[in-house]
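Examining the three-dimensional arrangement
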Amino acid sequence: MRYIEPTRVKVLMMMFFATGVLGIIIGLSPVAPPSTKMIITFMGVVNVSLGAFFTFILLTQAEKAPDKRKKKKKRD
C-alpha cells in the first residue's frame with residue numbers, strides 16, 4: 001500500500017468513528033423506525049470497523065523516505 005499523509009488518515013479515521021458511533025446510537029434509540037433499526041446499527045458497526053482499519057494504517061505505515069532525485073549533491 002502506498003504512503004498516505006497522516007493528517008488525511010486522521011481525518012478519515014475521525015469521520016468513520018464519529019459516523020459509526022452516531023449510527024449505533026440512532027439505531028439503538030427509539031427515534032429510528034422499527035423496520036430500519038437493525039440496518040442502521042449494522043452500518044454504524046461497519047463505520048466503526050473502517051475507523052479501526054484506518055487507525056491500524058496510521059500506526060503501522062512507514063515514514064515516507066525523502067526523494068533522492070531532488071536532493072542536491074554535496075561538492076567537496
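Quick caveat: nothing in here was measured; it's all calculated off a predicted structure.

Turning next to helix α2 (residues 37-60). For α2, which comprises 24 residues, the first-to-last C-alpha distance of 35 Å matches the rise-based estimate of 34 Å (1.5 Å per residue) to within 8%. Within the span of α2, buried status applies to T41, G44, G51, F54 and I57. Here the buried face of α2 lies against α1 (6-28).

Before going further, it helps to spend a moment on the packing of aromatic side chains. Taken as a whole and judged by the stated rule, the model has 2 aromatic pairs. A centroid spacing of 5.6 Å and a plane angle of 5° characterise the contact between F16 and F54, whose relative ring orientation is stacked. Taken together, the positions of F16 in helix α1 and F54 in helix α2 put the pair 38 residues apart, joining distant regions of the chain. This pair shows no difference in class: F16 is buried, exactly as F54 is. Residues F53 and F54 carry aromatic rings whose centres are separated by 5.6 Å and whose planes lie at 70° to one another, so their mutual orientation is edge-to-face.

Moving on to the UniProt feature "transmembrane region" (unreviewed entry) in the protein chain. When the UniProt feature table is mapped to this numbering, "transmembrane region" (unreviewed entry) covers residues 12-32 and 38-62. Split by type, residues 12-32 is 81% helix and 0% strand. Its first and last C-alpha atoms lie 26 Å apart. Summarising residues 38-62: 92% helix, 0% strand, and an end-to-end C-alpha distance of 38 Å.

With that settled, the discussion passes to the pattern of salt bridges. Tallied over the full model, the rule gives 1 salt bridge. In this structure, R8 engages E5 in a salt bridge whose closest nitrogen and oxygen atoms are separated by 3.8 Å.

At a minimum axis separation of 7 Å, α1 and α2 run at an interaxial angle of 160°. Between α1 and α2, the angle falls in the class roughly antiparallel. For the crossing formed where α1 meets α2, the hand is left-handed. Of the residues in the contact of α1 with α2, the class split is 17 nonpolar, 9 polar and 2 charged.

What counts and what doesn't
- Residues numbered from 1 in each chain as written.
- Predicted model: local features only at pLDDT ≥ 70, side-chain atom pairs only at ≥ 80, totals over all residues.
- Heavy atoms only, no water.
- Helix = DSSP H or I, 4+ residues; strand = E, 2+ residues; numbered from the N terminus.
- Expected span 1.5 Å × (residues − 1).
- Buried < 20%, exposed > 50% of the residue type's maximum accessible area, 1.4 Å probe, protein only.
- Contact = heavy atoms within 4.5 Å.
- Phe/Tyr/Trp six-rings, centres within 6.5 Å; stacked < 30°, edge-to-face > 60°.
- UniProt positions renumbered as here; feature names shortened; annotations may be inferred.
- Salt bridge = Lys/Arg side-chain N within 4 Å of Asp/Glu carboxyl O.
- Axes fitted to C-alpha atoms, helices over the stretch in contact; angles between N-to-C directions.
- Parallel < 35°, antiparallel > 145°, perpendicular 65-115°, else oblique.
- Left-handed = near helix turned anticlockwise from the far one by under 90°.
- Nonpolar A, V, L, I, M, F, W, Y, C, P; charged D, E, K, R; others polar.

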